[in-house]
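Notes for the structure review
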Amino acid sequence: MKSIYTIFQLALFTYSILLFQNLEAKQVANWGENSSTLVKSQSIAFTPLVPVISMEAQNSILTEHNPDGIDALNKCRKKRDFQVFFKISEPPTGNANVSVVAYSGTASLGRDFEILPHAPMVFTSGESSSTNSITIRVYDDDEVENTENFTIALSISGITNAVATSSTMMLNIIDNDYEPNVEITKPLLYEDFTNGLPNTWSVVDNSGGGNWAYSTQGPSGNFGGSSYKINSTTAINGAMIFDSDAKGSDGIPEDADLVLPSINCTDYSKVVLQFEQYFRFNMIETTSILVSTDNFATSTSFSVSNNDLLSMNSATQNPESVSIDISSVAALQGDVQIKFKYTGNNNYYWQIDDVLVEGSNPTEIEEEIALNMNDEYLGP
């Protein structure tokens, strides 16, 4: 009986040992799995992020307002400034000092552009909120040229972990200068008096002292005959003349107008009157051009300058070409009236031929400067 009990105790003890070993083995296995998972999660959590410095160009449109090519206040070349910004993605470890230099391409440093002096650019250790910038000045010119380019280069110094997305950036200067259009001038009126005085023209005797007349012979007074006839481009067709000498000494003052038809100058910012003349001066006579936009209720007088400089009993060249800019009155106006006015009293003559009125829109050479990095910077 005692031996059976002893065998039972031994069997129970052996089972207890085996059960304990099995539980211990499971615990070790579980700990190993958990340990492996913990090590893996620690590897992901502590991967550091690298601070990256990037360049970003300003995107704006500028328009030039100074067509004469200089800064009216500072008396210097026209110019436009734009900025390039520098940002950092993460706080750096250690101060990141940023330097920028420019290199000429087809655009020349110092002539076409320059980087203006600026404060040192520093991204302070542990901070990421700051933004630095530089100013690039682009100079205007009046040359018609192709698109030009230049490069700016970024470098980082200091004991830091910051890096740059790109160390260089190419910028383009887009030139929008253009040649003036030589075909913008348009004749608004031309008359060579081939068939005499057109019915759209008129002559007015304001004083009863005589009037303008069509002639193929020239003046008929003391200084008359073919040798005193205007030698204009179309002289063979005749010309208009106020022949004061032919009227004689009747004592009646002379005041007469040669009136052109109304001209529409709405589309033109510059209007010029041209004609050929032959004028002989005596003592008191006057010659002028009157221009109006209200049917001469009011008018502006333009002198025929060479006529005013003649001495007694002298004459202009035969013929003399005259050009008078009447834009101050006629430009952009829809109903422009022009007349030749002669005043005198028994003097000589004023002959007029080949009258031309031209309208134009002078094209000033302008430049618009653009920063082209998929963005445009337009000027001027």
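Here we summarise the structure given alongside this text. Just so you know, the residues in each chain are numbered from 1, in the order the chain's sequence is written. A pLDDT threshold of at least 70 governs which residues receive local features in this predicted model, and a stricter bar of 80 or more applies before side-chain atom pairs are shown or counted, although totals over entire chains, interfaces and linings include all residues. Side-chain measures here rest on the full set of heavy atoms in the structure, leaving out hydrogens and waters.

Counting through the fold element by element, asparagine 132 comes out in strand 8 (residues 132-139). Working rule for contacts: check all heavy atoms of both residues, and any pair within 4.5 Å makes them a contact. Not counting the four nearest positions on each side in its chain, asparagine 132 is found in contact with Val84, Phe85, Phe86, Met121, Val122 and Phe123. Runs of E in the DSSP output that reach at least two residues are strands. Runs of H or I that reach at least four are helices, and both are numbered from the N terminus.

By size, the foremost hydrophobic cluster in this structure holds 35 residues, and its most contacted members are Trp212, Phe275, Ile289, Ile338, Phe340, Trp350 and Val355. Every element with two or more residues in this core is listed here: strand 15 (239-243), strand 16 (254-259), strand 17 (270-280), strand 18 (286-292), strand 20 (320-325), helix 4 (327-330), strand 21 (337-344) and strand 22 (349-360). If sequence neighbours within four positions are ignored, isoleucine 289 has contacts with Leu273, Phe275, Thr300, Ser301, Phe302, Val304, Ile324, Ile338, Lys339, Phe340 and Trp350. In this structure, Phe82, Phe113, Phe123 and Ala162 belong to the second largest nonpolar core, which totals 25 residues. We define a nonpolar core as any set of buried Ala, Val, Leu, Ile, Met, Phe, Trp, Tyr and Cys residues linked to one another through side-chain atoms lying within 4.5 Å. Exposure classes here rest on a 1.4 Å probe applied to the protein chains alone. A residue is buried below 20% of its type maximum, exposed above 50%, and partly exposed in between.

Here a salt bridge means any side-chain nitrogen of Lys or Arg lying within 4 Å of a carboxyl oxygen belonging to Asp or Glu. With the rule as written, the count across this model stands at eight salt bridges. One salt bridge in this structure joins aspartate 112 and arginine 111, with 3.2 Å as the shortest N-O distance. On the basis of relative accessibility, which here comes to 2%, the residue aspartate 112 falls in the buried class. On the basis of relative accessibility, which here comes to 37%, the residue arginine 111 falls in the partly exposed class.

Our focus in this paragraph is empty space enclosed by the protein. Empty pockets left among the atoms are what a rolling probe the size of a water molecule brings to light. Whether a set of points on the 1 Å grid over the protein atoms alone is a cavity depends on a 1.4 Å probe fitting there but being unable to get out, while an open set qualifies as a pocket with protein on both sides within 12 Å along at least five of seven lines; lining residues are those with an atom within 4 Å of a point. Grid points are joined across faces, edges and corners, and a volume is the space filled by probe spheres set on the points. Evaluation of the coordinates by the stated rule reveals two cavities of 30 Å³ or more. In this structure, the largest cavity encloses a volume near 50 Å³. Lining the largest cavity we find Ser215, Gly218, Lys229, Ile230, Ser232, Ala235, Gly238, Ala239, Met240, Ile241 and Gln351. Counting residues per element, the lining of the largest cavity draws most heavily on strand 15, which supplies three residues. Of the residues assigned to the lining of the largest cavity, the class counts are five nonpolar, five polar and one charged. Residues are grouped as follows: nonpolar covers Ala, Val, Leu, Ile, Met, Phe, Trp, Tyr, Cys and Pro; charged covers Asp, Glu, Lys and Arg; every other residue, Gly included, is treated as polar.

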